[in-house]
Amino acid sequence: MFSPDKVNSGRQPELDIARGLAVLFMIIIHVQLVFANAGVWDTLLADINDFNGDIPAAPMFMFLLGIGINYSRKNQPASMAWRGLALLCTAYLLSFVRGFIPNVIMGFNSADISYLYKGFNELMIVDILQFSGLAMIMFAGFNFFKFNKIAIGITGLVFALINILLLPVQTQTLPVSSLAGLFWGSNESSYFPFLTWAFYPIAGYIFGDYLIRCTDKRKFYLISGVVAAVVFFFGIYLFNFVFSIPTGMNLETGYYHHILTDNITFTGGVIFELAILSYLVRYVPGFIKDIAGRWSKNVTPIYCIHWVIISWLTLAIPGQSLSMASFIVLTVGIVVVSDVLATIYANWKAGDGQRYFSSTTLILVGALLATMLVLFLFHK
């Protein structure tokens, strides 16, 4: 079923759809967390959004990141390291625009200095872009030292075990927390610590190595899907019910700071979803595939843009105040605006304009302009 050569190196539509769904789930859950009122949270739709915002979102993103390393043409160690550093810089610039500035404005308008402290805390948040940057640097190291799949897999297990040892070590001072939080869940502002989440891109890389050399995708996904389903469902029963190990799906902090048992079951859930999508993809209309493919390629700009819009909208819309209808309308609007701006940016980047401006700056400035328009439309 596997060739020594890369015989399956074209675009994989099931991966595009999986990443496109993850983008959609990500925006929905973020809007819900910030703006939906208690009435919305008590509905079945909110429960579905909450689940979709867990395994099919961040773990899927990170698993696909690992798969993509196999398909990338820019996988030289130096190139990957620079991409990782660029993601880290983008992450902290985004924190400044989406977190620090809105809090400073709120503090100025309310004469409440606590917003200033909150703004500085937002600068130190460890989010998925910081993790992605560290993950790219990790893969640059793997390539530089020529690690094979076995060595990479063992490294992933070692990271997960170190994570278990370090999680009880909590930090209090902001500078220490901001640095330690990059690597383990040392505080509540560390949402995607490296040691917790590195398991997924490593597992994705190993999975992608088999996928790109696969000569029979149907058989490959059938076998991997069955195994993944057993791992997912039996793992949840064994770890969470038999051994009563806390699951990351119960509490928000537990989700961000979960351990190896959840790494295993969440990975099973991700592969199970990919297997299902591989069989459903033939029935998906072409325009849906096109949208998913566009979102898949524009995932980083969409991530930046949607967060800037959400954060700046809090200046005009009180948090957790929207009814179901308003929540749905706002979510659709943010999805559309983020998609349009990300597409404009992608088209600009493909041209000569990138010689004159920083790409990251253009993304964030464009998002700010869109936010001002949305603020005007929603302002009462």
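Every value quoted in this text rests on a predicted model; they were computed, and no experiment measured them.

What counts and how
Position numbers for residues count from 1 along each chain, tracking the sequence in the order it is written. Where local features are concerned, this predicted model is filtered to residues with pLDDT of at least 70; where side-chain atom pairs are given and counted, the filter is 80 or more; whole-chain, interface and lining totals use all residues. Side-chain measures were taken over the full set of non-hydrogen atoms in the model, leaving aside hydrogen atoms and water. Here a helix means four or more residues in a row that DSSP labels H or I, a strand means two or more in a row labelled E, and each is numbered from the N terminus. For the radius of gyration, the atoms used are the C-alpha atoms, and the globule rule reads 2.2 Å times the number of residues raised to 0.38. Categorising residues by exposure relies on relative accessible area from a 1.4 Å probe, with only protein chains included: less than 20% of the type maximum marks a residue as buried, more than 50% marks it as exposed, and the intermediate range marks it as partly exposed. It only takes one pair of heavy atoms within 4.5 Å for two residues to be counted as in contact. In short, Shrake-Rupley with a 1.4 Å probe defines the accessible areas, and a residue's cover is counted only from the protein chains shown. For the purposes of these results, a polar contact is taken to be a pair of N or O atoms within 3.5 Å, where, inside protein, one atom must be able to donate a hydrogen and its partner to accept one; residues adjacent in sequence count only when each atom of the pair is a side-chain atom. A fitted line through C-alpha atoms represents every axis, and for helices the fit uses only the stretch in contact; the resulting angles, taken between N-to-C directions, go from 0 to 180 degrees. Here is the rule for angles: anything less than 35 degrees is roughly parallel, anything more than 145 is roughly antiparallel, 65 through 115 is roughly perpendicular, and the remaining ranges are oblique. Take the far helix as the reference: if the near one is turned anticlockwise from it by less than a right angle, the crossing is left-handed, and if turned clockwise, right-handed. By nonpolar core we mean a set of buried residues, namely Ala, Val, Leu, Ile, Met, Phe, Trp, Tyr and Cys, connected to one another through side-chain atoms within 4.5 Å.

Caption draft 1: Here's a closer look at the overall build of the protein. Tallying secondary structure elements over the protein gives 18 helices and 0 strands in all. By the compact-globule yardstick of 21 Å for 380 residues, the protein fits well, its C-alpha radius of gyration being 21 Å. Taken over the C-alpha atoms alone, the protein extends approximately 65 × 50 × 45 Å along its principal axes. Taking all 380 residues of the protein together, the buried fraction comes to 51%. In the protein, the share of contacts with a sequence separation of at least 24, taken over all contacts with a separation of at least 6, comes to 81%. Carbon and sulfur atoms form 70% of the exposed surface of the protein, whose accessible area is close to 18,300 Å².

Caption draft 2: Structural detail: the environment of Ile-162. Considering the arrangement of structural elements, one finds Ile-162 in helix H8 (residues 149-166). Through-space distance from the C-alpha of Ile-162 to that of Met-60 is 23 Å; in sequence the pair is 102 residues apart.

Caption draft 3: Layout of the side chain of Asn-70. With respect to the helices and strands, Asn-70 occurs in helix H4 (residues 58-71). Within the structure, the side chain of Asn-70 is placed 3.5 Å from the backbone oxygen of Gly-66, a separation counted as a polar contact. Contacts of Asn-70, omitting those with residues within four sequence positions, involve Lys-6, Gly-204, Tyr-205, Gly-208, Asp-209 and Ile-212.

Caption draft 4: Structural view of the packing of helix H1 (residues 13-35) against helix H17 (residues 324-349). Remark: H1 packs on H17, axes separated minimally by 10 Å, with the N-to-C direction vectors making an angle of 135 degrees. The orientation of H1 with respect to H17, classified from their angle, is oblique. Seen along the crossing, H1 lies across H17 with a hand that is right-handed. Within the contact between the two elements, H1 uses Leu-24, Ile-27, Ile-28, Val-31, Gln-32 and Phe-35 and H17 uses Phe-327, Leu-330, Thr-331, Ile-334 and Val-335.

Caption draft 5: A look at the nonpolar core. Residues Trp-197, Phe-207 and Leu-274 are the most contacted members of the largest nonpolar core, which totals 93 residues. Sorting elements by how many residues they give to this core places helix H16 (residues 299-313) first, with 11 residues. Once residues within four sequence positions are removed from consideration, Leu-274 is found in contact with Glu-14, Leu-15, Ala-18, Met-60, Phe-63, Leu-64, Ile-67, Phe-207 and Tyr-221.

Caption draft 6: Region of interest: unusual backbone geometry. One non-glycine residue, Ala-111, lies in the positive phi region at around 55 degrees. Turning to its location among the elements, Ala-111 is positioned in the loop between helix H5 (77-110) and helix H6 (114-123). Positive phi is not limited to glycine here, since Lys-146 has a value of about 55 degrees. By the element assignment, Lys-146 lies in the loop between helix H7 (128-144) and H8. Residue class for Lys-146 comes out exposed when judged on its relative accessible area of 72%.

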